[in-house]
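Below are the chains, spelled out letter by letter.
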Amino acid sequence: MGSLVDGILLVALVATSACVVPMYLKLKRLDRVQAEYGAAVTASGIALTQAGDAVRSFSGEGREILEALSAKIEEARALITSLEASRAALLAAKGEPKA
């Protein structure tokens with residue numbers, strides 16, 4: 001009777017071991033995949049931070065360019081006004097009618 005119980009227990013131990021080993025291998029694989037996923041998430045976070053910095057930089061540079069362009073446009077308008085006034089004065093000095 002004792003050897004029958006020992007045999008049943010041995011079979012149960014072998015069956016349990018047969019189920020535990022594949023589960024252990026799956027858990028190891030899951031741990032490895034989780035580490036890769038964590039590294040990918042970290043890399044994505046760094047990339048998003050860099051992209052945000054680039055967008056802020058472009059925004060600041062764009063604002064500076066817009067301000068410089070506005071100043072140049074105002075300078076050009078002032079120059080056009082000055083040139084038109086000089087032309088009108090020249091035409092008036094010559095006695096020619098304005099065009």
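Our subject is the structure listed above.
Thresholds applied
- Position labels on residues start from 1 in each chain and follow its written sequence.
- Per-residue local features of the predicted model are confined to residues with pLDDT of at least 70, and side-chain atom pairs are confined, for both listing and counting, to 80 or more; whole-chain, interface and lining totals are unaffected and use all residues.
- Side-chain numbers here rest on the full set of heavy atoms in the structure, without hydrogens or water.
- Only residues above 30% relative accessible area that lack a salt bridge enter a patch, with like-charged residues linked at up to 9 Å and the nonpolar side chains Val, Leu, Ile, Met, Phe, Trp and Tyr linked at up to 5 Å.
- Areas reported here follow the Shrake-Rupley algorithm with a probe of radius 1.4 Å; residue values treat only the protein chains shown as occluding.
- A pair is scored as a salt bridge if a Lys or Arg side-chain nitrogen falls within 4 Å of a carboxyl oxygen belonging to Asp or Glu.
- Counting rule applied: Lys, Arg positive; Asp, Glu negative; His and chain ends not counted.
- A single reference atom marks each charge: NZ on Lys, CZ on Arg, CG on Asp, CD on Glu.
- Numbering goes from the N terminus for both helices and strands, where a helix is a DSSP run of H or I of at least four residues and a strand is a run of E of at least two.
- In this scheme, a residue with accessible area under 20% of its type's maximum is buried, one over 50% is exposed, and one in between is partly exposed, where area comes from a 1.4 Å probe on protein chains only.
- In protein, a polar contact requires one atom able to donate a hydrogen and another able to accept it; more generally it is a pair of N or O atoms within 3.5 Å, and residues adjacent in sequence count only if both atoms are side-chain atoms.
- A helix is expected to span 1.5 Å for every residue after the first.

Examining a positive patch on the surface
Where like charges cluster on the molecular surface, the positive patch consists of Lys26, Lys28, Arg29 and Arg32. Relative to the helices and strands, Lys26 resides in helix 1 (residues 2–94). On the accessibility criterion, Lys26 (54% relative accessible area) is exposed.

What to know about the environment of Ser57
Mapped onto the elements, Ser57 comes out in helix 1. Here the alpha-carbon distance between Ser57 and Ile80, two residues 23 residues apart in the chain, equals 34 Å.

Side note on a nonpolar patch on the surface
Residues Met1, Leu4, Val5, Ile8 and Leu9 make up a contiguous nonpolar surface patch of about 570 Å² in total accessible area. With respect to the helices, strands and loops of the structure, Met1 is situated in the segment before helix 1.

Details of the environment of Arg77
Looking at the secondary structure, you find Arg77 in helix 1. Polar contacts involving the side chain of Arg77 include one to the side chain of Glu74, which spans 3.2 Å.

Observations regarding helix 1
The α-helix winds at 3.6 residues per turn, so residues separated by three or four positions along the chain end up facing the same way. Helix length check: helix 1, at 93 residues, gives a terminal C-alpha distance of 134 Å against a target of 138 Å (1.5 Å per residue), a fit within 8%. Looking one or two residues past helix 1, Gly95 carries a phi angle of roughly 85°, positive in sign.

Remarks on the pattern of salt bridges
What the rule picks out here adds up to 3 salt bridges. Where Asp53 meets Arg56, a salt bridge forms, and the shortest distance between an N and an O atom there is 2.6 Å. In this pair, Asp53 and Arg56 both sit in helix 1, 3 residues apart, roughly one turn of the helix. With relative accessibility at 42%, the residue Asp53 sits in the partly exposed group. Assessed through its relative accessible area of 55%, Arg56 is described here as exposed. Note that Lys72 is salt-bridged to Glu75, the shortest N-O span being 3.9 Å. Within this pair, Lys72 and its partner Glu75 are both found in helix 1, separated by 3 residues, close to a single helical turn.

Geometry only, nothing functional implied.
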